[in-house]
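Descriptive structure summary
Residue strings, one per chain:
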Amino acid sequence: MATRQRAEATGKPASPGAALAVSWRGKRFTLPNPQEFPLEALEAEEEGKHLTALKLILGLDQYTKWRGLASTAADAEDFSAVVMKELGRGNL
């Protein structure tokens with residue numbers, strides 16, 4: 001259960017500074033609060049280097065775990081959709 005879902009289930013709002021936990025393909029990934037994303041990740045995203053940004057946000061260990069599960073552009077889009085939904089962004 002992700003942090004936001006757990007907070008909703010218990011009736012306690014998640015801390016705005018809390019990390020974000022998502023499950024994807026049976027594995028758990030923890031991302032920092034968006035306000036704590038490294039500036040290098042934001043710069044990479046602006047330059048269109050989406051996977052570099054993801055690597056910087058996840059960290060090398062989690063990125064390696066994710067990369068072992070993802071092999072196509074569709075996989076990257078699916079993971080991104082899961083993260084964006086958890087962040088409450090996007091139209092999912």
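Residues numbered from 1 in each chain as written. Predicted model: local features only at pLDDT ≥ 70, side-chain atom pairs only at ≥ 80, totals over all residues. Heavy atoms only, no water.

Some remarks on the pairing of strand 1 (residues 20-24)
Condition: Between buried and exposed lies partly exposed: a residue is buried under 20% and exposed over 50% of the maximum accessible area for its type, with that area taken using a 1.4 Å probe on protein chains only. The helix count covers DSSP runs of H or I at least four residues long, the strand count covers runs of E at least two residues long, and both are numbered beginning at the N terminus. Two strands form a pair only when DSSP identifies at least two bridges running between them.
Along strand 1, 4 of the 5 residues are buried, which leaves the element largely enclosed by surrounding structure. Where strand 1 hands over to strand 2 (residues 27-31), the hairpin turn is made up of 2 residues, of which Arg25 adopts a positive phi near 55°.

Section: the confidence of the model for the chain
Going by this rule: The quantity called pLDDT is the predictor's confidence in a given residue, expressed from 0 to 100. We call two residues in contact whenever any of their non-hydrogen atoms come within 4.5 Å of each other.
A residue-level look at the chain finds 77% of positions with pLDDT of 70 or above and a mean pLDDT of 83. When pLDDT is averaged over each element of the chain, helix 4 (residues 60-69) comes out on top at 97 and helix 1 (residues 3-10) at the bottom at 46. Note that pLDDT drops below 50 for residues 1-14; the model gives that stretch 17 contacts with residues more than four away or on any other chain.

Structural notes on the pattern of salt bridges
Note the threshold: The term salt bridge refers to a pairing of a side-chain nitrogen on Lys or Arg with a carboxyl oxygen on Asp or Glu at a separation within 4 Å.
Tallied over the full model, the rule gives 2 salt bridges. Between Asp75 and Arg25 there is a salt bridge, and its shortest N-O distance comes to 2.7 Å. Linking Asp75 in helix 5 (residues 73-87) with Arg25 in the loop between strand 1 and strand 2, this pair joins segments that are 50 residues apart in sequence. Close ionic contact of Lys49 with Glu47 constitutes a salt bridge, the shortest N to O distance being 3.5 Å. On the accessibility criterion, Lys49 (45% relative accessible area) is partly exposed.

A short note on the packing of aromatic side chains
Keep this limit in mind: Stacked, edge-to-face and tilted labels apply to pairs of Phe, Tyr and Trp rings (six-membered ring for Trp) whose centres lie within 6.5 Å, assigned for plane angles under 30 degrees, over 60, and everything in between, in that order.
Within the structure shown, the criterion is met by 5 aromatic pairs. Centroid distance Phe29 to Phe79: 5.3 Å. Interplanar angle 75°. Geometry classified as edge-to-face. Here Phe29, found in strand 2, pairs with Phe79, found in helix 5; they are 50 residues apart in sequence, far enough to count as distant. Ring geometry for Tyr63 and Trp66: centres 5.6 Å apart, planes at 40°, overall tilted.

Some remarks on the nonpolar core
Test applied: Here, nonpolar core means buried Ala, Val, Leu, Ile, Met, Phe, Trp, Tyr and Cys residues that are tied together by side-chain atoms lying within 4.5 Å of each other.
Membership of the largest hydrophobic core comes to 17 residues, with the highest contact counts inside it found for Val22, Phe29, Leu31, Leu58, Trp66 and Phe79. Of all the secondary-structure elements, those providing two or more residues to this core are strand 1, strand 2, helix 2 (39-46), helix 3 (50-58), helix 4 and helix 5. For this core, the element with the most residues is helix 3, which contributes 4 residues. Apart from residues no more than four positions distant in its own chain, Leu31 is found in contact with Ala19, Leu20, Val22, Ile57, Leu58 and Val83.

Quick word on the side chain of Asp75
Note the following rule: Think of a polar contact as two N or O atoms within 3.5 Å of one another; within protein, one of them needs to be a possible hydrogen donor and the other a possible acceptor, and neighboring residues in sequence only count if both atoms come from side chains.
Its relative accessible area of 9% is what places Asp75 among the buried residues. There is a polar contact of 2.7 Å between the side chain of Asp75 and the backbone nitrogen of Ser71. Once residues lying within four places of it in the same chain are set aside, the contact partners of Asp75 are Trp24, Arg25, Leu69 and Ala70.

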